[in-house]
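# Descriptive analysis of the structure
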There are 2 protein chains.
Amino acid sequence: MPTFLQKLDDACAASQSLVCVGLDPEPSRMPILDVLEFNREIIEATADLVCAYKPNLSFYESQGMTGLRALEGTLQIIRDRAPHAVTIADAKRGDGGPSAFAYARAMFQVWGFDSVTVNPWGGGDTVKPFLEDASRGAFVWCRGSYASAADLQDLEVESPYGKEPLYKHLARTSLGWNGKGNLGLVVGATAPEQMAAVRAIAPEVPFLVPGVGAQGGDLEASVRCGVDANGRRAIINSSRGIIFASPGADFADAARNATASLREAINRTLEGEGKGWR
Amino acid sequence: MPTFLQKLDDACAASQSLVCVGLDPEPSRMPILDVLEFNREIIEATADLVCAYKPNLSFYESQGMTGLRALEGTLQIIRDRAPHAVTIADAKRGDGGPSAFAYARAMFQVWGFDSVTVNPWGGGDTVKPFLEDASRGAFVWCRGSYASAADLQDLEVESPYGKEPLYKHLARTSLGWNGKGNLGLVVGATAPEQMAAVRAIAPEVPFLVPGVGAQGGDLEASVRCGVDANGRRAIINSSRGIIFASPGADFADAARNATASLREAINRTLEGEGKGWR
């Protein structure tokens, strides 16, 4: 069984892509009603262009058992049609004691995701259960992409490393949880300065970067600040910008075009830095 | 439709109880295999002694669709057998943008919970969608009961109120989100000093207090530090201490006895403070 990090690196190399598609089926914006059919068309149209798919669990939970069955089917379609791609449960789970272990079991054993986003507010005990199996990864939510991420994450704290913003303290602390090499960090594209600061602290861990596209994050700055020294390990997610690229019957073609454009723009930036795929 | 706060106050008055039972069905510890049947017996044995039931969603999610159907059935049993009781989804959800609204819809519209625990790491945008409907409540996870809660929550931060631990800053900040009076705070019983500090900042909001029983929190100190000026609005949760009070076939009787003991111990403390139910 490859490690999570190996699977992620292989997925990027195989697709020559750092693009992750966020599968966030908001009913009010979907051009067709059926979530599973919608996701199937998106996945089939984008499989060769991406390294990862990231369903955000909120949209499935908000559609009840039907939504959860569609999530189950979606994961099967990814395994069938994009077997190279990494799956990321955007679940932002985080709880203490036996609950942390139960959530890890839910994400990895029950749903079968390769990785999960984790909320670190409860500290190390709430994160470590997601890092016990080197074949599965956990992206710790370090610095969010929405405006109110600053409410707590940017506060200046007294830390053993001096006074610094909380997200930097968290990045340092989380490296201590990374004994198996399967830790990642979520760092939003809307905050490239913070992203550069986190990359300086954690030069090698993979970043999951939400916030390009609909949220208006700066793509070029995100790629430059987010990648490691080799121009890899920044997984750039777009959700609405891809899956809702067209409100019409051509949504899958439009999704493919939007994905291809994003992949090319990222790869142009990498080439400009001398870190292209060839 | 009563407000959430009215429903909670009424539930406590009707049962003369501040006890909440945590419905956390860990398969390895359950005396019978069937989650729904287990919960049914616990609920029927405790209905007249408690103000609230709190299923922790991790245990249901970790049992797949079967677990989630058992959660659905459990909520129906609570509505039938303990109609006065408030339901709390211990879900620790927290995410930004459309996801925050989707999670609120999942908890309140799909599952039909009266209230939910919310993770504030992402700031105001991640919490406010849970506070839009005054008939539903949100308990913001302010200071946890597990040891690693201190990792982030106790850090000293620079705030507009001066230098103080982050959980206190969060308590102050969260009062600004409470325009509809349906905010609560989660404050662990293992940290009575922190609880007293939060109560001083937020004299009237309901507290959800985990950590008595299996986690070893100090019950008497928690009651004294947690209640408001009238001796109310501290909902004291016990999960394992009640539902796993006996590993045998008498688990429901044992759960009733453990619940009654907890209720009496709390009420003795209230009476000692001149704040009993009569």
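Residues numbered from 1 in each chain as written. Chains lettered and ligands numbered in written order. Predicted model: local features only at pLDDT ≥ 70, side-chain atom pairs only at ≥ 80, totals over all residues. Heavy atoms only, no water.

### Observations concerning the packing of helix α4 (residues 64-81) of chain A against helix α4 (residues 64-81) of chain B
This is how it is decided: Axes here mean lines fitted to C-alpha atoms, for a helix over just the part in contact, with angles spanning 0 to 180 degrees between N-to-C directions. By definition, any uninterrupted DSSP run of H or I lasting at least four residues is a helix, any uninterrupted run of E lasting at least two residues is a strand, and each is numbered from the N terminus. Between 65 and 115 degrees an angle is taken as roughly perpendicular, under 35 as roughly parallel, over 145 as roughly antiparallel, and anywhere else as oblique. In what follows, residue pairs with any heavy atoms lying within 4.5 Å of each other are defined as contacts. Under this grouping Gly is polar, as are all residues other than the nonpolar Ala, Val, Leu, Ile, Met, Phe, Trp, Tyr, Cys and Pro and the charged Asp, Glu, Lys and Arg.
Packing of α4(A) against α4(B) brings their axes to within 12 Å, and their N-to-C directions diverge by 170 degrees. Judged by the angle between their axes, α4(A) and α4(B) are roughly antiparallel. Of the residues in α4(B), those in contact with Met65(A), Leu68(A), Arg69(A) and Glu72(A) of α4(A) are Met65(B), Leu68(B), Arg69(B) and Glu72(B). Within the contact of α4(A) with α4(B), the residues separate by chemical class into four nonpolar, no polar and four charged.

### Things to note about the packing of aromatic side chains
Residue and element names in this part refer to chain A. For clarity, the threshold we go by: Pairing of aromatic rings covers Phe, Tyr and the six-membered ring of Trp, with a centre-to-centre limit of 6.5 Å; geometry is then stacked below 30 degrees between planes, edge-to-face above 60, and tilted otherwise. Placement of a charge over a ring requires the Lys NZ or Arg CZ to be within 6 Å of the ring centre, with the centre-to-atom vector within 35 degrees of the ring normal.
Tallied over the full model, the rule gives nine aromatic pairs over all chains. Put simply, the rings of Phe38, Phe244 and Phe251 touch in pairs and so form one group of aromatic residues. Positioned above the aromatic ring of Tyr161 is the side chain of Arg172, whose terminal nitrogen or guanidinium carbon lies 4.9 Å from the ring centre. Against the face of Trp277 rests Arg232, its NZ or CZ located 3.8 Å from the ring centre.

### A look at the interface of chain B and chain A
Note the cut-off: Put simply, buried area is how much 1.4 Å-probe accessible surface two parts lose in total, over both of them, once they are put together. Salt bridges are identified by distance alone: a Lys or Arg side-chain nitrogen within 4 Å of an Asp or Glu carboxyl oxygen. What qualifies as a polar contact is a pair of N or O atoms within 3.5 Å, subject to a donor-acceptor requirement within protein and to the restriction that residues adjacent in sequence count only when both atoms come from side chains.
If you look at the interface, chain B gives 56 residues, while chain A gives 56 residues. Buried surface at the junction of chain B and chain A, both sides included, amounts to about 4,700 Å², of which 60% is carbon and sulfur. Viewed at the interface, chain A and chain B are joined by six salt bridges. Among the salt bridges present, the one from Lys92(B) reaches Asp95(A), with a minimum N-O distance of 2.9 Å. Applying the counting rule to chain B against chain A returns 31 residue pairs in polar contact (both at pLDDT 80 or more). Examining the composition of the side of chain B that touches chain A, we find that nine residues originate from one element, helix α5 (residues 97-110) of chain B, more than from any other. For the side of chain B that touches chain A, the residue count by class is 25 nonpolar, 16 polar and 15 charged.

### Re the sheet that holds strand β9 (residues 207-209) of chain A
All names here are of chain A. Basically, it comes down to this: When DSSP finds two or more bridges between two strands, those strands count as paired.
Taken in spatial order, the eight strands line up as β1-β2-β3-β4-β5-β8-β9-β10 and close into a barrel, and their pairing is parallel. On average, adjacent strands in this sheet sit at an angle of 30 degrees to one another, irrespective of strand direction. Each of β1 (19-23) and β2 (52-55) touches helix α2 (residues 35-46); the most contacted strand, β1, lies at about 170 degrees to it.

### A closer look at unusual backbone geometry
All names here are of chain B. Short version of the rule: Note on classification: 1.4 Å probe, protein chains only; a residue is buried when its accessible area is under 20% of the maximum for its type, exposed when over 50%, partly exposed between these limits.
Here Lys92, not a glycine, exhibits a phi torsion of approximately 45 degrees, which is positive. Within the secondary structure, Lys92 is located in strand β3 (residues 86-93). You will see that Arg233, though not glycine, has its phi angle at about 65 degrees, which is positive. When you line up the elements, Arg233 lands in the loop between α10 (219-226) and β10 (234-238). Given the relative accessible area of 16%, Arg233 is considered buried.

### Description of the nonpolar core
For the record, the criterion: Residues belong to one nonpolar core when they are buried, are Ala, Val, Leu, Ile, Met, Phe, Trp, Tyr or Cys, and are joined through side-chain atoms within 4.5 Å.
In terms of nonpolar packing, the biggest core is built from 186 residues, with Tyr53(A), Leu185(A), Tyr53(B) and Leu185(B) touching the most fellow members. Looking at this core element by element, the count peaks at eight residues for helix α12 (residues 251-272) of chain B. If we skip the residues at most four places from it in the chain, Leu185(B) touches Phe139(B), Val140(B), Cys142(B), Ala171(B), Ser174(B), Val198(B), Ala202(B), Val205(B), Pro206(B), Phe207(B) and Leu208(B).

### Section: the side chain of Glu61(B)
By secondary structure assignment, the location of Glu61(B) is in helix α3 (residues 57-61). Classification of Glu61(B) as buried rests on a relative accessible area of 6%. Excluding its chain neighbours within four sequence positions, the residues that come into contact with Glu61(B) are Glu61(A), Arg93(A), Tyr103(A), Ala106(A), Met107(A), Val110(A), Leu68(B) and Arg93(B).

### Things to note about the sheet that holds strand β2 (residues 52-55) of chain B
Residue and element names in this part refer to chain B. Around the barrel, eight strands lie side by side as β1-β2-β3-β4-β5-β8-β9-β10; this closed barrel has parallel pairing. Averaged over all adjacent pairs, the angle separating strand axes in this sheet is 30 degrees, with direction ignored. With three bridges connecting them, strand β9 (residues 207-209) and β10 associate as parallel partners. When the bridges of β10 are listed, Val209 appears paired with Ile236.

### With respect to the pairing of β1(A)
All names here are of chain A. Inclusion rule: Orienting the strands away from the viewer, one traces the path from the first strand over the helix to the second; a clockwise path indicates a right-handed crossover.
Within β1, five of the five residues are buried, which leaves the element mostly enclosed by the surrounding structure. Neither face of β1 is open: one carries Val19, Val21 and Leu23, the other Cys20 and Gly22, and all of them are buried. For β1 and strand β10 (residues 234-238), the ladder comprises three bridges, and the chain directions are parallel. Of the residues in β10, the one forming a bridge with Val21 is Ser238. Pairing analysis gives four bridges linking β1 to β2, with the strands arranged parallel. Note that in β2 the partner of Leu23 across the bridge is Pro55. What joins β1 to β2 is α2, and the crossover it makes is right-handed.

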